[in-house]
Amino acid sequence: MINFEIDGKPVSVPKNGTVMDGANQLGIYIPHFCYHKKLSIAANCRMCLVQVEKAPKPLPACATPAMEGMKVSTHSGQAVTAQKGVMEFLLINHPLDCPICDQGGECQLQDLAVGYGASSSRYTEAKRVVANKNLGPLISTDMTRCIHCTRCVRFGQEIAGIMELGMAGRGEHAEILSFVGRTVDSELSGNMIDLCPVGALVSKPFRYSARTWELSRRKSVSPHCGLGSNLVVQVKQNRVMRVLPRENEAINECWLSDKDRFSYEGLNSEERLRKPMIKHGGEWQECDWQTALEFTANGLKAVKEKHGAQSIGALCSPHSTLEELYLLQKFIRGLGSGNVDHRLRQSDFRADDHVQGVPWLGMAIADVSRLKSALVIGSTLRKDHPLLAQRLRQVVKQGAQLNLINPVDDDLLTKVANRAIVAPGSMAAMLAQVLKAAAESKEVEVPDGARKATSTVSVSDTARAMAASLIDNKPAAIFLGNLAQHHPQYTDILVLAQHLAQITDAQFGVLGEAANSVGAHIAGATPDRGAPDRSGSLSAAQMLGMSAASADTAGAAAQPCQAYVLMNLEPELDSYDPGQATKALSAAELVVMLTSYKSQAVMQGSYADVLLPIAPFTETSGTFISTEGRVQTFNGVVAPLGETRPAWKVVRVLGNMLQLDGFDYETPDQVRAEILSAAPDVSSRLNNSLGGFAVGDTGQKGGGIQRIGEVPIYQADPIVRRAESLQRTSDAAAPVAWMAGALMDKLGIQHGDNVRLKQGEGEAQLPAARDDKLPVDCVRVASAHPMTAGLGGMFGEIVVERL
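Residues numbered from 1 in each chain as written. Predicted model: local features only at pLDDT ≥ 70, side-chain atom pairs only at ≥ 80, totals over all residues. Heavy atoms only, no water.

J.: Go over the packing of helix α7 (residues 289-307) against helix α21 (residues 647-657) with me, naming the residues and quoting the values.
T.: Direction vectors running N to C along α7 and α21 enclose 60 degrees, while the axes themselves pass 10 Å from each other. By the angle class used here, α7 and α21 are oblique. α21 is crossed by α7, and the crossing has right-handed handedness. Of the residues in α21, those touching α7 at W289, Q290, L293, E294, T296 and A297 are V650, V653, L654 and M657. Residues belonging to the contact of α7 with α21 are distributed by class as follows: seven nonpolar, two polar and one charged. (Axes fitted to C-alpha atoms, helices over the stretch in contact; angles between N-to-C directions. Helix = DSSP H or I, 4+ residues; strand = E, 2+ residues; numbered from the N terminus. Parallel < 35°, antiparallel > 145°, perpendicular 65-115°, else oblique. Left-handed = near helix turned anticlockwise from the far one by under 90°. Contact = heavy atoms within 4.5 Å. Nonpolar A, V, L, I, M, F, W, Y, C, P; charged D, E, K, R; others polar.)

See the structure below:
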């Protein structure tokens, strides 16, 4: 530690610490613009000049290393004169447009100009003007205001992993530019808005809609990816106007993904459902709550009497709160059915009979920043989990090794030590190779549950390198991504990864797809497997009439229900096989939808019978349990829109109308207390292990052309799908059929040709595009999109024909 003094106060900082570090430790504020604790030191704004004893001139506090015994003065005459001089230079060319600047009221330059600026300028020449740049649908520019702190440039290079902005020119002619004709497309780009200390980069969706002093600030938690990012939701006149990050070093640090930041636009969508609606004679009609609830209760009672309780099923979204999920499963079980599931995009449920606990990340989110080696299986990490990808990017820069087994080879904006880009049907076999290589390296036997799988594979050099990476670098971790969880061989992949983690002494985690993927298990929103009287309870896939994906579960036949309760989901976009899901729902006698939106598919389709408007996360209180098992409770930030009601209240009233026991809650706190009293220590229930499951042959599954059907970043849930600005980004472009050049040549297809895709009973027409990094005999077609909703499962055989 280095000991020195700042303004007469002693302070100690680690070796290589700076004067700024010491000042922060003491709570002494030194004015600055370019310095940021998460970015490298640039020392180019010069605002943090301080006086150091025996130094001939003022020195920048952010770049001056602490020296033993040095004495620093931050507010001496010399320091203040220097700071005022810098401020005068910064204001020479800065426009006087604070009244119309969106940064007004939260602008560092404005604040420091009050303390260090003169009352008038000595500069009489014309000010320079810089042309604005088009950086895309999320960031608006006023580059004349730029003070060249380069925070945005450094953020792109160091945190986002891609240099999308840079500085050209020198002195007065310097300006921040994007590359010629390019926009800023990073999934973390909104953080540049927060970092900009002036009004040069501001939020395009928020621009000119409110002033900062008009907004109320309320805490919340993101409902999207499994991280549980902490939010500050800013509200004006009962409308969400803006979302900013709430700093939490253990979760999202001070960053926020664009999905979390800009999805609030979906809360104010024109498609919001404001009143209950019932379909009469094929026509939708608005009604009051009493009529809609009586229709629902009577309909469920009639189906139960006619077909039995097991003909009723509930499907819910893991983006719902813990309380909503718990009450829905309690309601369905109260009716006598065990058919409830939240795993809508999962196709392989063989693990259900072998689970030891709830699948989770396997470590704290903050511990990802300490890894020396990681193997990611089935995930385009930066799109599925942008902030986890950012943490891994930082550790790779410090020497950690990242390994990847995936069917697509998108740029992860970081160095990948070893990658195996294989067809979906070969992922389990590739993982078996790594397991076999690890066992050989450690000179141990392959566990019984994986012996058959490894006996049929020959180990490649890539597999040996991956095994060595996990064995030689500690701590190490293995993660299963979203694509692996949707995979028809998910259970095989899970067991092989579990054995690999045991042999290599690595941690093993499942990346939670949604905000409450862990919470949904804790709430019991899964079929009854343990209860002997309900062992035939159906998974989501079986309820929607999908046959089991694996021969190992051939006995688990598809059994569509006669009545469905759907909560917070759009089945034609949120299911593994949307075509089959729509077919099963259309054949049911009753479909009740608790939803925030009236989508075109529902209003024009034939499957829904009643729509009950429920509140999104900003209009209700609730709890999310993140992928690391962290329980986070939040309150509503605005009043419910129209006649919208929180989903937990709707289910509670339905339970009372059907005279079910235990539905006399008055607050969501009582519901949460009941859930967590049964399992007060959530961490004790977290366990990724499967017991007694043996992996069979992992050879190539299925012939012909295989579909790779991942979920695009801005199609993952109903709120994001309605965020207009996000839907104008390059990540939200219309889907195309990506194929390797060899497959296109084989089929006689050129880049840009329209092709017909056939899968099951459905088909779609899309333009073809070339991607030579894809495995041969695979076509990459995004799921969860209206243009591909007519197709079958996210994986499996698909027919491609040139039009």
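There's more to say after this.
J.: Describe the sheet that holds strand β13 (residues 277-280), and please don't skip the residues or the numbers.
T.: Strand order across the open sheet formed by seven strands is β14-β13-β24-β23-β22-β15-β16, with mixed pairing between neighbours. Sheet topology places β14 (283-286) and β16 (340-341) at the edges, where each strand pairs with a single neighbour. Two elements, β13 and β14, share four bridges in a ladder whose sense is antiparallel. Pairing of H280 across the sheet is with E283, part of β14. On the sheet, α7 packs against β13, β15 (312-316), β22 (563-567), β23 (590-595) and β24 (610-613) and is oriented at approximately 130 degrees with respect to β24. (Pairing = 2+ DSSP bridges.)

J.: Provide a residue-level description of unusual backbone geometry, including the pertinent values.
T.: Trans peptide bonds make up most of the peptide bonds, and negative phi angles are found at most residues other than glycine. Here the amide bond leading from K474 into P475 is cis, since omega sits at 0 degrees, within 30 degrees of zero. Take P475: it is sitting in the loop between α13 (461-472) and β20 (476-480). Not every positive phi belongs to a glycine, and H148 is a case in point at roughly 60 degrees. As for its position among the elements, H148 is in the loop between β6 (139-141) and α4 (151-160).

J.: I'd love a proper account of the packing of helix α11 (residues 427-442) against helix α15 (residues 490-504), names of residues and values included.
T.: Packing of α11 against α15 brings their axes to within 9 Å, and their N-to-C directions diverge by 20 degrees. With respect to their mutual orientation, α11 and α15 come out roughly parallel. With respect to the hand of their crossing, α11 and α15 are arranged in left-handed fashion. Contacts between α11 and α15 involve M427, A428, L431, A432, V434, L435, A438, A439 and K442 from the first element and D492, I493, L496, A497, H499, L500, I503 and T504 from the second. In terms of residue class, the contact of α11 with α15 is made up of 13 nonpolar, two polar and two charged.

J.: Describe the UniProt feature "domain: 4Fe-4S Mo/W bis-MGD-type" (unreviewed entry) in the chain, listing the residues and the values that go with them.
T.: Under the UniProt annotation, "domain: 4Fe-4S Mo/W bis-MGD-type" (unreviewed entry) lies at residues 215-271. Each end of residues 215-271 is marked by a C-alpha atom, and these two atoms are 25 Å apart; helix forms 9% of the span and strand 35%. (UniProt positions renumbered as here; feature names shortened; annotations may be inferred.)

J.: Explain the sheet that holds strand β3 (residues 49-52) residue by residue, including any values.
T.: Pairing in this open sheet of five strands is mixed, and the strands run β2-β1-β5-β3-β4 from one edge to the other. In this open sheet, the two strands that pair with only one neighbour each are β2 (9-13) and β4 (59-60). Relative to β2, strand β1 (residues 2-6) is paired through five bridges, and the arrangement is antiparallel. By the bridge assignment, E5 is partnered in β2 with P10.

J.: Outline the pairing of strand β27 (residues 705-708), listing residues and values.
T.: The two faces of β27 match: I705 and R707 on one face and Q706 and I708 on the other face are all buried. With three bridges joining them, β27 and strand β31 (residues 778-780) adopt parallel strand pairing. Across the sheet, I708 pairs through a bridge with R780, a residue of β31. (Buried < 20%, exposed > 50% of the residue type's maximum accessible area, 1.4 Å probe, protein only.)

J.: Kindly report on the domain arrangement of the chain, identifying the contributing residues and their values.
T.: As far as domains go, the chain holds domain 1 (2-92), domain 2 (126-268), domain 3 (277-336 + 517-523 + 561-684), domain 4 (365-510) and domain 5 (706-802). Buried area between domain 4 and domain 5, summed over both chains or domains, comes out near 1300 Å², and the portion from carbon and sulfur atoms is 65%. When residues of domain 4 are sorted by the area they lose upon contact with domain 5, K383, P424 and H486 head the list and together hold 34% of the total. Counting every contact that joins domain 4 to domain 5 gives two salt bridges. Where D410 meets R780, a salt bridge forms, and the shortest distance between an N and an O atom there is 2.7 Å. At the junction of domain 4 and domain 5, the tally comes to four residue pairs in polar contact (both at pLDDT 80 or more). Where the side of domain 4 that touches domain 5 is concerned, the elements lending two or more residues are α9 (381-384) and α14 (482-486). The residue makeup of the side of domain 4 that touches domain 5, split by class, is nine nonpolar, four polar and four charged. (Domains from an automatic or database assignment. Buried area = accessible area lost by both parts, 1.4 Å probe. Salt bridge = Lys/Arg side-chain N within 4 Å of Asp/Glu carboxyl O. Polar contact = N/O pair within 3.5 Å; in protein donor to acceptor, adjacent residues only side chain to side chain.)

J.: So what's going on with the pairing of β15? Which residues, and what values?
T.: For β15, a buried count of five out of five residues is recorded, marking the element as mostly surrounded by other parts of the structure. Residues of β15 alternate between two faces, with I312, A314 and C316 on one and G313 and L315 on the opposite face, all of them buried. Sheet topology places β15 next to β22; five bridges connect them, and they run parallel. Within the sheet, the bridge partner assigned to C316 lies in β22 and is M567. Sheet topology places β15 next to β16; two bridges connect them, and they run parallel.

J.: An account of the UniProt feature "domain: 4Fe-4S His(Cys)3-ligated-type" (unreviewed entry) in the chain is needed here, citing residue identities and associated values.
T.: Per the UniProt record, "domain: 4Fe-4S His(Cys)3-ligated-type" (unreviewed entry) is found at residues 78-117. A helix fraction of 60% and a strand fraction of 0% characterise residues 78-117, whose end C-alpha atoms lie 16 Å from each other.

J.: Explain the nonpolar core residue by residue, including any values.
T.: Of all hydrophobic cores here, the largest spans 84 residues; its most connected members are I377, I405, I478, L480 and Y564. Broken down by element, the residue count for this core peaks at eleven residues, all from α11. Those residues in contact with Y564 that lie beyond four places of it in its chain are G313, M543, L544, A584, L585, A588, L590, V591 and V592. In this structure, V130, L165, C196 and V720 belong to the second largest nonpolar core, which totals 72 residues. (Core = buried A, V, L, I, M, F, W, Y, C linked by side-chain atoms within 4.5 Å.)

J.: Any chance you could break down the packing of aromatic side chains for me, citing the residues and the numbers?
T.: Enumeration over the complete set of coordinates arrives at three aromatic pairs. Ring centres 4.9 Å apart and planes at 35 degrees place the aromatic pair F624 and F634 in the tilted group. In this pair, F624 sits in strand β25 (residues 622-625) while F634 sits in strand β26 (residues 631-634), placing the two residues ten residues apart along the sequence. Its end group placed over the ring of F663, K330 keeps NZ or CZ at 5.5 Å from the ring centre. Over the face of the ring belonging to Y597 we find R722, whose NZ or CZ atom lies 4.2 Å from the ring centre. (Phe/Tyr/Trp six-rings, centres within 6.5 Å; stacked < 30°, edge-to-face > 60°. Lys NZ or Arg CZ within 6 Å of the ring centre and 35° of its normal.)

J.: Describe the state of the cysteines, listing the residues and the values that go with them.
T.: With the rule as written, the count across this model stands at zero disulfides. Distance from the sulfur of C225, which forms no disulfide, to the nearest cysteine sulfur (C254) is 16 Å. On the basis of relative accessible area, C225 is assigned to the buried category, the value being 7%. Counting only cysteine sulfurs, C149 is the nearest neighbor of C254, a cysteine outside any disulfide, at a range of 14 Å. (Disulfide = S-S within 2.5 Å.)

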